[in-house]
Amino acid sequence: TKDVNKYKVDVVKKKLNLINKDIKIKTYKKKANVKNLNNIIKKYDIIVDGTDNFESKFLINKFSFKLKKILIVGAISKFEGHIFTFDFSSKKSPCLKCFYQSVPSDDILNCETEGILGSTANIVGAIQANEVIKKILNIGKDLKSSIFILDLLNLNFRKVFFKKRKKCIC
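Residues numbered from 1 in each chain as written. Predicted model: local features only at pLDDT ≥ 70, side-chain atom pairs only at ≥ 80, totals over all residues. Heavy atoms only, no water.

A. Spatial organisation of a nonpolar patch on the surface. Residues Val-12, Leu-16, Ile-19 and Ile-23 make up a contiguous nonpolar surface patch of about 360 Å² in total accessible area. Note that Ile-23 resides in the loop between helix H1 (8-19) and helix H2 (37-41). Residue Ile-23 is classed as partly exposed on the basis of its relative accessible area, which comes to 36%. (Patch = residues over 30% accessible without salt bridge, like charges linked within 9 Å, V, L, I, M, F, W, Y side chains within 5 Å. Areas by Shrake-Rupley, 256 points an atom, 1.4 Å probe, with all protein chains shown as cover. Salt bridge = Lys/Arg side-chain N within 4 Å of Asp/Glu carboxyl O. Helix = DSSP H or I, 4+ residues; strand = E, 2+ residues; numbered from the N terminus. Buried < 20%, exposed > 50% of the residue type's maximum accessible area, 1.4 Å probe, protein only.)

B. Spotlight on helix H3 (residues 54-66). With 13 residues, H3 should cover 18 Å at 1.5 Å per step; its first-to-last C-alpha distance of 18 Å lies within 8% of that length. All of the buried residues in H3 are Phe-54, Ser-56, Lys-57, Phe-58, Leu-59, Ile-60, Asn-61, Phe-63 and Ser-64. Looking at the buried residues of H3, the elements they touch are H2, strand S1 (46-49), strand S2 (70-77), strand S3 (80-87) and helix H4 (96-100). Where H3 ends, the next residue or the one after it, Lys-68, has phi of about 60 degrees, a positive value. (Expected span 1.5 Å × (residues − 1). Contact = heavy atoms within 4.5 Å.)

C. The sheet that holds S1, seen in detail. Read across the sheet, five strands follow the order S1-S2-S3-S4-S5 without closing on themselves; strand pairing throughout is mixed. Every other strand in the sheet has two partners, leaving S1 and strand S5 (156-161) as the edge strands with one partner each. The average undirected angle you get between the axes of adjacent strands in this sheet is 10 degrees. Taken together, the six bridges between strand S4 (residues 146-151) and S5 define a ladder with antiparallel strand orientation. Bridged to Asp-151 within S5 is Asn-156. Of the strands in this sheet, S1, S2 and S3 are in contact with H3, which crosses S2 at around 170 degrees. Sitting on the sheet, helix H6 (residues 118-137) is in contact with S1, S2, S3 and S4, with an inclination near 170 degrees to S2. (Pairing = 2+ DSSP bridges. Axes fitted to C-alpha atoms, helices over the stretch in contact; angles between N-to-C directions.)

D. Representation of the packing of aromatic side chains within the structure. Scanning the entire structure with this criterion turns up 12 aromatic pairs. Residues Phe-54 and Tyr-100 carry aromatic rings whose centres are separated by 5.1 Å and whose planes lie at 70 degrees to one another, so their mutual orientation is edge-to-face. Here Phe-54 is found in helix H3, whereas its partner Tyr-100 is found in helix H4, with 46 residues between them in sequence. By relative accessible area, which is 8% here, Phe-54 ends up buried. Judged by centre distance (5.0 Å) and plane angle (90 degrees), the rings of Phe-99 and Tyr-100 are edge-to-face. Its relative accessible area of 28% is what places Phe-99 among the partly exposed residues. Judged by relative accessible area, which is 18%, Tyr-100 ranks as buried. Three or more aromatic residues joined by ring pairs make a cluster, and in this case those are Phe-54, Phe-58, Phe-65, Phe-84, Phe-86, Phe-88, Phe-99, Tyr-100 and Phe-162. (Phe/Tyr/Trp six-rings, centres within 6.5 Å; stacked < 30°, edge-to-face > 60°.)

E. Representation of the nonpolar core within the structure. Residues Leu-71, Phe-84 and Phe-86 are the most contacted members of the largest nonpolar core, which totals 22 residues. Those elements giving two or more residues to this core turn out to be H2, H3, S2, S3, H4 and S4. By residue number, the principal contributor to this core is H3, which donates five residues. In this structure Leu-71 touches Ile-47, Asp-49, Ile-60, Asn-61, Ser-64, Phe-84, Thr-85, Phe-86 and Phe-88, once residues within four positions along its chain are discounted. (Core = buried A, V, L, I, M, F, W, Y, C linked by side-chain atoms within 4.5 Å.)

Shape descriptors only; they carry no functional weight alone.
Set out below in structure tokens:
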């Protein structure tokens, strides 16, 4: 409760610096948009998306594709989580639009109305972090061309392969 009404980036930076004072953290107190994403994304090799709306996710997808980055997407709603890994340096990689095809309506999937659970966010974030580590170390299997779906209410987990759509922008 002590962090209510504070910027998430400030809270996270402070907590991470308590864990490791030598870590370098660059924060952006900006809403992701067409004007700023290109300049932000071009500075990094791996982009990890934890935004809470599909408009931002699709914009991050667009610029990650344009700049040939690795994009690791996490999405959550209640007890369900989805994790994607896209490697846009490969021309064979599908993108977020290949899976969703169009931006889902905020009426259907909306964190404010659907709600999220901290435990679901923790697990999805941990899997995203694990995907980053595997990419950096170039080890293990990744989620390339797949979505990892977690149903934490019923303890069902599945990995679903999907292909690049022929008419997709990617």
